[in-house]
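Residues per chain, in single letters:
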Amino acid sequence: MINSKIKANSISMFRSLIFALIFFQIGFSEFGGGYSGAGYRYASNARELSLGGAMVAEPNWGFHQFGNPALTIYTSGKEAGLSLMTMSLDRSIQVGVVNLNLPPGAAVGIAFFRAGTNNIQGRNLMGAPIESFSASDKSAMITFSRALSNHFSAGFNLKTVFNSLPGGLDAKGIAFDMGMIYAFSDAVKIGGKVENITGRTTWKFDSGATETEDLLTVVSLGASTALNPIHLKILLQSDTYLIPDHGQETKLKLGAEYQLNPIVSLRGGLNNNKATVGFGLKIQTKSGVHFNVDYALDPGIENEGVSHVYSLWVKI
């Protein structure tokens, strides 16, 4: 237990961080889109999506490393996560994760992420319809985290990416993320992550020529606080995209989670200018196995249609 003075200081620091992030957002109000690696920047699971993606300082059981590799230190025993996303415009995403706690103060994990699009209508030079095509982006990730003190932890992701386009065009690459988390208490945390510190993909063409793309570096800073008397959790995050030769662009993410009862959680979020909603169910079997079943609704943007996201987390 922490004393009242430490609690007061934690709340004060959290408020200061909120004002700093809002100021940062005002200074860089545009969101960077259309850059390399965009397929991997969508949410990896339903809870993340429903909370606006503001997960850099919030443990997300079964999917810690996608929010912040340092958060895998919160892995309890053996955890597995599975996420299936049926999206509009014939898009889909599948995610699989396994995390393992390593006493006394470390954790490791492996994850697989695939984003794909099917039924892409092909056309010839005259504009007439021909066969349909598909495309996909895939990534495999290894994560390690370690507690460096009672309050501070750090971690990293090592990723390999595999992209494919119709016509036999393929690309491979390697990327690296680093993250940190500082817990003032169980209720107040701040976190930071640099995604794709180094990372690029190399495309190979039938002619033998190659072309290299740098993966966009993203700097994330955020906080989470739990208002325990009313069972409410508030999340805040700022993502800054470092765009080569074009400066930087930043967007703000917000999330709120209300624990309706020991089983049901209600969630809502705001990812820049897009609102999302969802809910979660906690289930425990008589044998001691824990399940989390989560759902999120993505209303889409620019009339792209509604997408549904389902996730399952299992603790053994």
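Just so you know, these numbers come straight off a predicted model, no measurement behind them.

Definitions and cut-offs
- Residues numbered from 1 in each chain as written.
- Predicted model: local features only at pLDDT ≥ 70, side-chain atom pairs only at ≥ 80, totals over all residues.
- Heavy atoms only, no water.
- Salt bridge = Lys/Arg side-chain N within 4 Å of Asp/Glu carboxyl O.
- Buried < 20%, exposed > 50% of the residue type's maximum accessible area, 1.4 Å probe, protein only.
- Phe/Tyr/Trp six-rings, centres within 6.5 Å; stacked < 30°, edge-to-face > 60°.
- Helix = DSSP H or I, 4+ residues; strand = E, 2+ residues; numbered from the N terminus.
- Core = buried A, V, L, I, M, F, W, Y, C linked by side-chain atoms within 4.5 Å.
- Contact = heavy atoms within 4.5 Å.
- Patch = residues over 30% accessible without salt bridge, like charges linked within 9 Å, V, L, I, M, F, W, Y side chains within 5 Å.
- Areas by Shrake-Rupley, 256 points an atom, 1.4 Å probe, with all protein chains shown as cover.
- pLDDT = per-residue confidence, 0-100.

*Asks:* Give a description of the pattern of salt bridges that names residues and reports values.
*Replies:* Summed over the entire model, instances satisfying the criterion amount to eleven salt bridges. When the shortest N-O distance is used, the salt bridge between E195 and K193 registers 3.6 Å. The exposure classification of E195 matches that of K193, with both residues buried. Among the charged side chains, a network of salt bridges with common partners joins R47, E58, K233, E257, R267 and D294.

*Asks:* If you had to explain the packing of aromatic side chains to someone new, which residues and values would you point to?
*Replies:* What characterises a pair of aromatic rings is the spacing of the ring centres plus the angle enclosed by the ring planes. The final tally for this structure, using the stated rule, is seven aromatic pairs. Between F66 and F113, the aromatic rings sit 6.2 Å apart at their centres with planes inclined by 45 degrees, giving tilted as the arrangement. Residue F66 is located in helix α3 (residues 64–67), and its partner F113 is located in strand β3 (residues 106–123); the two are separated by 47 residues in the primary sequence. In this structure F66 comes out as buried when scored by relative accessible area, which is 18%. The buried category is assigned to F113, whose relative accessible area is 4%. Here Y182 and F184 contribute two aromatic rings whose centre-to-centre distance is 5.0 Å and whose plane-to-plane angle is 65 degrees, an arrangement assigned as edge-to-face. The structure contains a cluster of three or more aromatic residues connected by ring pairs, namely Y40, F66 and F113.

*Asks:* Requested: an account of the nonpolar core, with residues and values cited.
*Replies:* Core analysis: the biggest nonpolar cluster contains 19 residues, and Y42, F66, M85, I93, V95 and F113 have the highest contact counts within it. Counting residues per element, the ones that place at least two in this core are α2 (46–50), β2 (91–102) and β3. Setting aside anything within four residues of it in sequence, one finds F113 in contact with G39, Y40, Y42, A43, S44, F66, I93, Q94, V95, D137, K138 and S139. Counting five residues, the second-largest nonpolar core is a separate cluster that includes A57, A70, L71 and I181.

*Asks:* Mind laying out a nonpolar patch on the surface, listing which residues take part and the relevant values?
*Replies:* Judged by side-chain polarity, V98, L100, L102, I110, I142, F144, F156, L158, I174, M178 and I197 come together as a nonpolar surface patch covering roughly 910 Å² of accessible area. At the level of secondary structure, the elements contributing two or more residues to the nonpolar patch comprise β2, β4 (129–147), β5 (152–165) and β6 (169–183). Looking at the nonpolar patch, the element that brings in the most residues is β2, giving three residues.

*Asks:* Go over the confidence of the model for the protein, please, and point to the residues and values.
*Replies:* For the protein, mean pLDDT is 85; residues scoring 70 or higher make up 88% of the total. Per-residue pLDDT stays below 50 along residues 17–30; that stretch engages in 22 contacts with residues further than four places along the chain or on separate chains.

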